Amino acid sequence: MNAVQTTKMTNYRWIICSMLFFATTVNYLDRQVLSLTWKDFIAPEFHWTDADYGTITSVFSILYAVFCLFAGKFIDWMGTKKGYLWAIFVWSLGACMHAACGWVTMKYEGIASIEALRAVEAGSVTAVSIATISVYLFLFCRSVLAAGESGNFPAAIKVTAEYFPKKDRAFATSIFNAGASVGALAAPISIPPLAELFGWEMAFIIIGALGFIWMFLWVFIYDKPSKSKHVNAAELTYINQDAETDEDPKDANDEGPQISFAKCFTFKQTWSFIVGKFMTDGVWWFFLFWAPAYFSDQFGYKSSSTMGQVLIFTLYFIVTVLSIFGGYLPKYFVEKKGMGAYAGRMRAMLLFTFFPMTALLAQPLASWQGSPIDPAWWPAIIIGLAGAGHQAWSANLFSTIGDMFPKSTIATITGIGAMAGGLGSMLINKCSGNLFTYAEQQGAAFQFMGFEGKPAGYMIIFCICAVAYIIGWSIMKALVPKYKPIVVE
């Protein structure tokens, strides 16, 4: 029996996974500050409408999409250590920059205080000017945030492929991807109180500063498995086990051939990932950006209120707990049912398409007059289930890249897919903002499935969210019906 077999395996890969988890948590905390402060803290100062907020979120989404297209290639070129450091530095800087928007707006308009800013007559020329200037300032800060945040998932997925064998990647991805849920979970109980106590500006600064702490830790913790002093031979053998089982065995330390950016678009596997992201990312981002406003509009529970915070916390607690199971399910199909990694992943993803369909019940139950509980709890629970389905779906969708592409191209493909997801998010957020503003203006004249006004607008978007996943899965299955890894001659 050799030394590798007798030496107890280290588990440093899980330390690395925890770092990816914390980075994703910070990523989503930074993204959530605006959604939890705009309605109750920022909009009264800058006289924003739903359409203004919809513009900001949609432009953020499209910029994020554009940056993702290049972020993956940047990560593949720079490497995961330096590339991740640059990404989190830029997005943390962008997060902190939001705090200056109010001061710059007041200076530009010649207004001396926040009280005077709020006191400007709604609908006046000055109010419109304040809204316009502040929106442009926030768009600039969001563009910096988007540039940095676009590097998170390409880097994290590439690190996962470096540190985990194929059968474990979806589970590892579900764990670090749960950082999105935990960030969204921590946001409502931390951000509104910070804004209440210190002002919305300090909420951006305090949350943004967390990224700089992560950077300090990453410098000392991360190295590639083959170079890390914390990974012993037994763990390295476990990490590289696919080199012994793949149909086309190769040196596990070799990342594989480089694939040009243009050539990536010639593969059906790339388009399968693009479709999966485009059809579904917007659903998650809609819930992320609009849930606080929904509970405020529909039930009067502001994000700074105790009930508002509890509802958002409950929603993302459900997402966090259930989504981790989603990463384990394909592992069960592979180890217990003898399925291949890709087949098990697609089977699991099909099951997860049914979770978002529960969104069809959110608005009807929210209007249930005879509800034995506060009607607000129904959409909180239902959106939580839909969000859990998305996160479980997302963890497996990301893992399909590592199944079929060489490590040298994983970040690039992740970036391309994230771009598609950003485009989908841009469409749903911009359309939602305009739809809600229009529906509110029309009142009872705007009706859909028995609802009128803004509730009818929400019902329309919930219907779109409900069917997006099954449509996406069907197209993906048609493009890549069976496991087919990319082979570059």
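Calculation rules
Residues numbered from 1 in each chain as written. Predicted model: local features only at pLDDT ≥ 70, side-chain atom pairs only at ≥ 80, totals over all residues. Heavy atoms only, no water. Helix = DSSP H or I, 4+ residues; strand = E, 2+ residues; numbered from the N terminus. Rg over C-alpha atoms; globule rule 2.2 N^0.38 Å. Buried < 20%, exposed > 50% of the residue type's maximum accessible area, 1.4 Å probe, protein only. Areas by Shrake-Rupley, 256 points an atom, 1.4 Å probe, with all protein chains shown as cover. Lys, Arg positive; Asp, Glu negative; His and termini not counted. Charge placed at Lys NZ, Arg CZ, Asp CG, Glu CD. 1 Å grid on protein atoms, 1.4 Å probe; cavity = no way out; pocket = protein on both sides within 12 Å on 5 of 7 lines; lining within 4 Å. Points joined across faces, edges and corners; volume = space filled by probe spheres on them. Nonpolar A, V, L, I, M, F, W, Y, C, P; charged D, E, K, R; others polar. Axes fitted to C-alpha atoms, helices over the stretch in contact; angles between N-to-C directions. Left-handed = near helix turned anticlockwise from the far one by under 90°. Contact = heavy atoms within 4.5 Å. Core = buried A, V, L, I, M, F, W, Y, C linked by side-chain atoms within 4.5 Å. Phe/Tyr/Trp six-rings, centres within 6.5 Å; stacked < 30°, edge-to-face > 60°. Lys NZ or Arg CZ within 6 Å of the ring centre and 35° of its normal. Salt bridge = Lys/Arg side-chain N within 4 Å of Asp/Glu carboxyl O. Polar contact = N/O pair within 3.5 Å; in protein donor to acceptor, adjacent residues only side chain to side chain.

**Student:** Go over the overall build of the chain, please, and point to the residues and values.
**Tutor:** What the chain contains, in helices and strands, is 20 helices and two strands. Against the 2.2 N^0.38 benchmark of 23 Å for 489 residues, the chain shows a C-alpha radius of gyration of 23 Å, consistent with a compact globule. Judged by the C-alpha coordinates and their principal axes, the chain covers about 80 × 45 × 40 Å. Residues classed as buried in the chain amount to 57% of the 489 residues present. When the accessible surface of the chain is totalled, it reaches about 19100 Å², and 67% of it is carbon and sulfur. In the chain, 33 positive and 32 negative side-chain charges are present, and the distance between their average locations comes to 9 Å.

**Student:** Please provide a residue-by-residue account of the layout of surface pockets, values included.
**Tutor:** In this model, the second largest pocket occupies a volume close to 210 Å³. Along the walls of the second largest pocket sit Phe278, Met279, Gly282, Val283, Gly424, Leu427, Ile428, Cys431, Ile461, Ile464, Val467 and Ala468, which together make up its complete lining. Of all the elements in the fold, those that place two or more residues in the lining of the second largest pocket are helix H14 (268–299), helix H19 (410–442) and helix H20 (454–479). For the lining of the second largest pocket, the per-class residue count stands at ten nonpolar, two polar and no charged.

**Student:** Can you break down empty space enclosed by the protein residue by residue, with the values?
**Tutor:** A probe matching the size of a water molecule, rolled over the atoms, marks out where space remains unfilled. Under the definition given, this model contains five cavities of 30 Å³ or more. The computed volume of the largest cavity comes to approximately 110 Å³. At the level of elements, helix H2 (12–46), H14 and helix H18 (377–404) are the ones that each hand at least two residues to the lining of the largest cavity. Size it by volume and the second largest cavity reaches roughly 50 Å³. Lining the second largest cavity, in full, are Gln269, Ser272, Phe273, Tyr342, Thr400, Ile401, Met404, Phe405, Met476 and Val480. Mapped by element, the contributors of at least two residues to the lining of the second largest cavity are H14 and H18. Split by residue class, the lining of the second largest cavity holds seven nonpolar, three polar and no charged.

**Student:** Which residues make up the packing of helix H8 (residues 152–163) against helix H9 (residues 166–198), and what are the values?
**Tutor:** Where H8 meets H9, the axes come as close as 10 Å, and the angle between the chain directions of the two elements is 140 degrees. In this structure, the crossing between H8 and H9 has a hand that is right-handed. Taken together, the residues of H9 that come into contact with H8 (itself represented by Phe153, Ala156, Ile157, Thr160 and Ala161) are Arg169, Ala172, Thr173, Phe176 and Asn177. The residue makeup of the contact of H8 with H9, split by class, is six nonpolar, three polar and one charged.

**Student:** Any details on the nonpolar core? Residues and values, ideally.
**Tutor:** Within the largest apolar cluster, 146 residues are counted, with the highest numbers of intra-cluster contacts made by Trp48, Phe138 and Phe286. Broken down by element, this core gets its largest block of residues, 18 residues, from H2. Once you skip the residues sitting within four places of it in the chain, Trp48 turns out to touch Leu34, Trp38, Ile42, Ala43, Ile56, Ala131, Ser134, Val135 and Phe138.

**Student:** Which residues make up the packing of aromatic side chains, and what values go with them?
**Tutor:** Applying the stated criterion across every chain yields a total of 51 aromatic pairs. Look at Tyr294 and Phe299: their rings are 5.9 Å apart centre to centre, the planes differ by 90 degrees, and that puts the pair in the edge-to-face class. You'll find Tyr294 and Phe299 in the same group, each marked buried. Aromatic ring contacts, followed pair by pair, group Trp38, Tyr53, Phe286, Phe287, Trp290, Tyr294, Phe295, Phe299, Phe436, Tyr458 and Phe462 into a single cluster. Directly above the aromatic system of Phe333 lies the positively charged group of Arg347, at a separation of 5.8 Å from the ring centroid.

**Student:** So what's going on with unusual backbone geometry? Which residues, and what values?
**Tutor:** Most peptide bonds adopt trans geometry, and most residues besides glycine take a negative phi value. Although it is not a glycine, His47 adopts a positive phi angle of roughly 60 degrees. On the secondary structure map, His47 appears in the loop between H2 and helix H3 (50–78). Look at His47 and you get buried, because its relative accessible area is 18%. At Met449, a position not held by glycine, the phi torsion is positive, near 50 degrees. For Met449, the location among the structural elements is in the loop between strand E1 (447–448) and strand E2 (451–452).

**Student:** Now, about the pattern of salt bridges: what can you tell me, with residues and values included?
**Tutor:** In the structure shown here, the tally under the stated rule is nine salt bridges. Notably, a salt bridge pairs Glu149 with Arg31, separated by 2.8 Å at the nearest N-O pair. One end of the pair, Glu149, is in helix H7 (residues 125–149); the other, Arg31, is in helix H2, and 118 residues separate them in sequence. Among the residues examined, Glu149 registers a relative accessible area of 0% and is labelled buried. Judged by relative accessible area, Arg31 falls into the buried class, the value being 0%. The salt bridge partner of Asp76 is Lys158, with a shortest N-O separation of 2.8 Å.

**Student:** I'd love a proper account of the side chain of Ser296, names of residues and values included.
**Tutor:** By the element assignment, Ser296 lies in helix H14. What makes Ser296 buried here is its relative accessible area of 15%. Non-local contacts of Ser296, meaning those with residues more than four positions away in its chain, are made with Lys39, Asp40, Tyr301 and Lys302.

**Student:** Lay out the environment of Ile383 with the relevant residues and their values.
**Tutor:** Within the fold, Ile383 resides in helix H18. Classification of Ile383 by relative accessible area gives buried; the value is 4%. Apart from the residues within four sequence positions on either side, Ile383 is in contact with Phe287, Leu315 and Phe462.

**Student:** I'd love a proper account of the side chain of Thr437, names of residues and values included.
**Tutor:** Here Thr437 lies in helix H19. The buried category is assigned to Thr437, whose relative accessible area is 15%. Beyond its immediate sequence surroundings of up to four residues, Thr437 is in contact with Asp50 and Ala51.

**Student:** Any details on the environment of Tyr163? Residues and values, ideally.
**Tutor:** With respect to the secondary-structure elements, Tyr163 resides in helix H8. On the basis of relative accessible area, Tyr163 is assigned to the buried category, the value being 0%. Expressed as a C-alpha distance, the spacing of Tyr163 and Ile191, which sit 28 residues apart in the sequence, is 34 Å. In this structure Tyr163 touches Tyr12, Arg13, Ile16, Tyr222, Asp223, Lys224, Pro225, Ser228, Val231 and Ile239, once residues within four positions along its chain are discounted. Within the local environment of Tyr163, its side chain forms a polar contact with the backbone oxygen of Asp223, the two atoms lying 2.4 Å apart.

Any functional reading would require information that these geometric values do not contain.
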